[in-house]
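Here is what each chain is made of, one letter per residue.
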Amino acid sequence: MAELGALGDSSLSFRVNALEQQAELADMKRQLDGATVQGRRQEQRLRQHRTSLRELIRQLEEVEERVEGVQRRVDTVSKSIHRSAEAVELQERRAQQLDQLANSSALKRGASAALAHGSPDAKNSQTSRLDIKIDDKLEELERRLWQATQDFDRRLVEEAERRAAGQEEVLG
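So, here is what we can say about the structure in this document.

## Observations regarding the overall build of the chain
Move 1: Scanning the chain from N- to C-terminus turns up 2 helices and 0 strands.
Move 2: Counting only residues that meet the buried cut, the chain has 9% of its 172 residues in that class.
Move 3: Here the analysis covers contacts within the chain between residues at least 6 apart in sequence; of these, 74% occur between residues at least 24 apart.
Move 4: Put simply, the chain shows about 14,600 Å² of open surface, and 55% of that area lies on carbon and sulfur atoms.

This is the structure in structure tokens:
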């Protein structure tokens, strides 16, 4: 009987040992399953982050393209303004030349009146006719210059407004 008791103890011990190992295996399986689930979650978050990163890169490239477009337009406007400034400067020089021409015409009128032949009445009559013709021509030149300057100013403002509207559209 002692052998039976020892055998029973050994069988009981074997069963207890087997149950402990099964419990450890079940616990390890739960830990492994938990780690697997956590790994999948991390992989999914990583995929989401990569997708977000690709979208951000695409948006950054779009913004860079828009900035380049705006820069090209700014360069174009800058060149246009420079050309317009040169044209204004040219118009101003022409106006000065016309002023000088008008002043020299006034001197010529005085000289031609002094050199005119004939009676004082004839001199006055010829001088006044010349004065009227010269004054008319000068007034016409001044009127044309004024109209050209006004037209140029209007075109310059229209071009600046058009380009500003284009920049607002691009930056929109």
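## Here we look at the pattern of salt bridges
Move 1: Scanning the entire structure with this criterion turns up 12 salt bridges.
Move 2: The partner of Arg58 in a salt bridge is Glu62, with the nearest N and O atoms 2.2 Å apart. Placement of both Arg58 and Glu62 in helix 1 (residues 2-115) is noted, with a separation of 4 residues, approximately one turn of the helix.
Move 3: Classification of Arg58 by relative accessible area gives partly exposed; the value is 37%.
Move 4: According to the relative accessible area criterion, Glu62 is partly exposed, its value standing at 39%.
Move 5: Taking the shortest distance from any N to any O, the salt bridge between Arg155 and Asp151 comes out at 3.2 Å. On the criterion of helical spacing, the pair formed by Arg155 and Asp151 is a turn pair, its members being 4 residues apart in helix 2 (residues 120-171).
Move 6: Given the relative accessible area of 52%, Arg155 is considered exposed.
Move 7: The exposure class assigned to Asp151 is partly exposed, which follows from its relative accessible area of 24%.
Move 8: Residues joined in a network through salt bridges with shared partners are Asp151, Arg154, Arg155 and Glu158.

## Considering the side chain of Arg163
Move 1: With respect to the element layout, Arg163 can be found in helix 2.
Move 2: The class of Arg163 is buried, set by a relative accessible area of 17%.
Move 3: Looking at Arg163, its side chain comes within polar contact range of the side chain of Glu159, at 2.2 Å.
Move 4: Residue contacts for Arg163: discarding those within four places in its chain leaves Thr76, Val77 and Ser80.

## Things to note about the environment of Gly69
Move 1: Relative to the elements of secondary structure, Gly69 occurs in helix 1.
Move 2: When its relative accessible area of 13% is taken as the criterion, Gly69 is described as buried.
Move 3: Placed 98 residues apart in sequence, Gly69 and Gln167 show a C-alpha to C-alpha distance of 9.5 Å.

## Let's talk about a negative patch on the surface
Move 1: A cluster of acidic residues, Glu61, Glu64, Glu65 and Glu68, forms a negative patch on the protein surface.
Move 2: As for its placement among the helices and strands, Glu65 is situated in helix 1.

Conventions adopted
- Residues numbered from 1 in each chain as written.
- Predicted model: local features only at pLDDT ≥ 70, side-chain atom pairs only at ≥ 80, totals over all residues.
- Heavy atoms only, no water.
- Helix = DSSP H or I, 4+ residues; strand = E, 2+ residues; numbered from the N terminus.
- Buried < 20%, exposed > 50% of the residue type's maximum accessible area, 1.4 Å probe, protein only.
- Contact = heavy atoms within 4.5 Å.
- Areas by Shrake-Rupley, 256 points an atom, 1.4 Å probe, with all protein chains shown as cover.
- Salt bridge = Lys/Arg side-chain N within 4 Å of Asp/Glu carboxyl O.
- Polar contact = N/O pair within 3.5 Å; in protein donor to acceptor, adjacent residues only side chain to side chain.
- Patch = residues over 30% accessible without salt bridge, like charges linked within 9 Å, V, L, I, M, F, W, Y side chains within 5 Å.
- Lys, Arg positive; Asp, Glu negative; His and termini not counted.
- Charge placed at Lys NZ, Arg CZ, Asp CG, Glu CD.

Purely spatial values, then, with no claim about function.
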